Amino acid sequence: MDLQGARHERRLEMYRARVNERLRTNRIAVETLYQGGTLFSPQGTRAGRALLRAHQLLQRASSLLEQLSGDGVVPAPRLPERIDELYREVDTMLSRSDALSGRNHRAASVARLPGR
């Protein structure tokens, strides 16, 4: 059994779940702004733009996760330093997205969990 491969897959799953959850909540927030009509007010427009920027960051994070999985055109990185660098970049994008979308809580970074 390849424990390192299993850890890598689990880490990818955790990050994908975090990105998908944030995409879902951002989509709900935009729908709420639109359905309530506040999207067309100055404050709603600012909130909508912030949610759009957060969505773009989440899409970039998702593409980095695809690169880490090796499912795309570019092969997955093999050096542990490069892998950790990409995860740090994803963490940065997630925290910037949280700030833009108004999330005040700071979830623990998967990359910074004990034993990593």
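Residues numbered from 1 in each chain as written. Predicted model: local features only at pLDDT ≥ 70, side-chain atom pairs only at ≥ 80, totals over all residues. Heavy atoms only, no water.

Caption draft 1: Broad picture of the overall build of the protein chain. Looking only at helices and strands, the protein chain features 3 helices and 0 strands. Reading the protein chain from its N end, one meets helices and strands in the order α-α-α. Counting all 116 residues of the protein chain, 30% fall into the buried class. Summarising the internal contacts of the protein chain: among those between residues at least 6 apart in sequence, 67% fall at separations of at least 24. Accessible surface, the protein chain: about 7800 Å² in total, of which carbon and sulfur atoms supply 53%. (Helix = DSSP H or I, 4+ residues; strand = E, 2+ residues; numbered from the N terminus. Buried < 20%, exposed > 50% of the residue type's maximum accessible area, 1.4 Å probe, protein only. Contact = heavy atoms within 4.5 Å. Areas by Shrake-Rupley, 256 points an atom, 1.4 Å probe, with all protein chains shown as cover.)

Caption draft 2: Fine view of the packing of aromatic side chains. Inspection of the entire model under this criterion finds 2 aromatic pairs. A ring pair is formed by Tyr34 and Phe40, whose centres lie 5.9 Å apart and whose planes are at 70°; its orientation type is edge-to-face. In this arrangement the basic side chain of Arg11 is found over the ring face of Tyr87, its NZ or CZ atom lying 3.8 Å from the centre. (Phe/Tyr/Trp six-rings, centres within 6.5 Å; stacked < 30°, edge-to-face > 60°. Lys NZ or Arg CZ within 6 Å of the ring centre and 35° of its normal.)

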